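# Examining the three-dimensional arrangement
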Amino acid sequence: MSSSVDDQNSTVYHIERGSQGTLMKISDFNLWYGKSQALFSVNMEIERGLVTALIGPSGCGKSTLLRSINRMNDLIDGLTIKGKMTIDDQDIYSSVVDVIALRKVMGMVFQKPNPFPMSIADNVTYPLKVDGVRDRRILNETVEKALKGAALWEEVKDRLKENALGLSGGQQQRLCIARAIAGDPEVLLMDEPCSALDPVATAKIEDLIDALRGKYSIVIVTHNMQQAARVSDNTAFMYLGKLIEYGETSIIFTNPKVDKTMEYVTGRFG
């Protein structure tokens with residue numbers, strides 16, 4: 001269980017790790033960038049402890065929806081939203097939400113590896129140091145635990161003081177995953193984490209996602225339908241800012257209910 005810092009103007013987040021059922025509900029969610037609408041009445045429930053994939057052609061709203069979950073879109077001028085997102089029945093967009101605390105329960109991995117220009121160890125412990133953690137024992141334990149969790153420990157355990165920019169692209173992305181899980185979040189958001197990687201590095205990331213299943217609730221945006229079929233439990237197909245179909249991955253890819261979904265997963269467009 002994790003909780004945010006509480007005061008009179010903020011919500012405390014209590015997300016039940018390891019329990020079953022619905023983690024997040026998205027209800028009639030609409031989003032505009034200025035006058036341009038990017039999301040149209042999205043409704044879906046994300047299950048706790050599973051991997052949920054968001055698929056669809058470029059510009060369909062996948063990354064916009066993902067970044068709405070930790071309110072990264074708040075940083076964009078002219079943003080307007082209507083509708084509701086809740087985590088464990090707590091409204092993400094409530095006026096009393098502590099957005100910084102919200103993001104602490106959600107690790108984020110971006111499209112391209114973005115390690116900081118500092119040592120491998122300092123990359124991992126950066127989130128803790130920002131929170132004021134200075135206990136060397138705790139920091140060292142976190143480095144080992146997070147790097148093992150990201151399947152990178154054996155490759156870098158003798159190089160922890162070296163600059164992270166010296167790692168390969170695949171290693172850098174696994175380091176970014178280690179950094180994302182170092183703060184012990186409950187949700188892991190991944191925005192096309194393999195798009196800049198070669199097939200070997202991609203396979204390692206996919207194996208890692210499988211290993212992290214159950215420890216975290218993972219939402220992954222991917223343009224690679226085969227990847228979605230391999231790594232996810234549930235899949236949401238989005239098109240032109242709308243959620244067309246959502247369900248178990250095996251059904252979405254073999255027996256979808258909507259013709260447009262069948263056309264996309266069989267490669268007729270996109």
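Since this is a predicted model, take the numbers as computed values, not measurements.

## Section: the sheet that holds strand β7 (residues 187-191)
- Strand order in the open sheet made by the six strands is β6-β7-β8-β3-β9-β10, with mixed pairing throughout. Of all the strands in the sheet, the pair left with one neighbour each is β6 (106-109) and β10 (242-248). Taking the axes of each pair of neighbouring strands and ignoring which way they run, one obtains an average angle of 15° across the sheet.
- The sheet contacts of helix α6 (residues 169-182) involve β6 and β7, and relative to β6 the element is tilted by about 165°.

## A few points about the sheet that holds strand β1 (residues 22-33)
- Strand order across the open sheet formed by four strands is β2-β1-β4-β5, with antiparallel pairing between neighbours. Edge positions in the sheet fall to β2 (36-47) and β5 (90-91), since each has one partner strand and no second.
- The sheet contact formed by β1 and β2 spans eight bridges and is antiparallel. Bridged to Phe29 within β2 is Val42.
- Across the sheet, helix α1 (residues 62-69) touches β1, β2 and β4 (79-87), and the angle it forms with β2 is around 65°.

## Brief notes about the packing of α6 against helix α7 (residues 199-212)
- At a minimum axis distance of 9 Å, the contact between α6 and α7 shows a crossing angle of 20°. Classified by the interaxial angle, the pair formed by α6 and α7 is roughly parallel. The two elements α6 and α7 meet at a crossing, and its hand is right-handed. For the pair formed by α6 and α7, the contact residues are Gly170, Gln173, Arg174 and Ile177 on the first element and Ala201, Lys204, Ile205, Leu208 and Leu212 on the second.
- Of the residues contributing to the contact of α6 with α7, the split by class is five nonpolar, two polar and two charged.

## Focus: helix α3 (residues 120-130)
- Restricting attention to buried positions, one finds in α3 the residues Ile120, Ala121, Asn123, Val124, Thr125 and Leu128.
- Among the structural elements, α4 (136-149), α5 (153-156) and α6 are those in contact with the buried residues of α3.
- Positioned one or two residues after α3, Gly132 has a phi angle of 90°, which is positive.

## Points about the pattern of salt bridges
- Under the definition given, this model contains 14 salt bridges.
- Glu206 is the partner of Arg230 in a salt bridge, and the nearest nitrogen-oxygen pair spans 2.7 Å. Of the two residues, Arg230 is situated in helix α8 (residues 225-231) and Glu206 in helix α7; the sequence distance between them amounts to 24 residues.
- On the basis of relative accessibility, which here comes to 49%, the residue Arg230 falls in the partly exposed class.
- By relative accessible area, Glu206 is classed as buried at 10%.
- Through salt bridges with shared partners, one network takes in Asp210, Arg213 and Asp233.

## Some points on the environment of Thr86
- By the secondary structure assignment, Thr86 is in strand β4.
- Residues Thr86 and Glu45 lie 41 residues apart in sequence; the distance between their C-alpha atoms is 9.6 Å.
- In contact with Thr86, other than residues within four places in its own chain, are Leu23, Met24, Lys25, Asp91 and Ile92.

The rules behind the values
Residues numbered from 1 in each chain as written. Predicted model: local features only at pLDDT ≥ 70, side-chain atom pairs only at ≥ 80, totals over all residues. Heavy atoms only, no water. Pairing = 2+ DSSP bridges. Helix = DSSP H or I, 4+ residues; strand = E, 2+ residues; numbered from the N terminus. Axes fitted to C-alpha atoms, helices over the stretch in contact; angles between N-to-C directions. Contact = heavy atoms within 4.5 Å. Parallel < 35°, antiparallel > 145°, perpendicular 65-115°, else oblique. Left-handed = near helix turned anticlockwise from the far one by under 90°. Nonpolar A, V, L, I, M, F, W, Y, C, P; charged D, E, K, R; others polar. Buried < 20%, exposed > 50% of the residue type's maximum accessible area, 1.4 Å probe, protein only. Salt bridge = Lys/Arg side-chain N within 4 Å of Asp/Glu carboxyl O.

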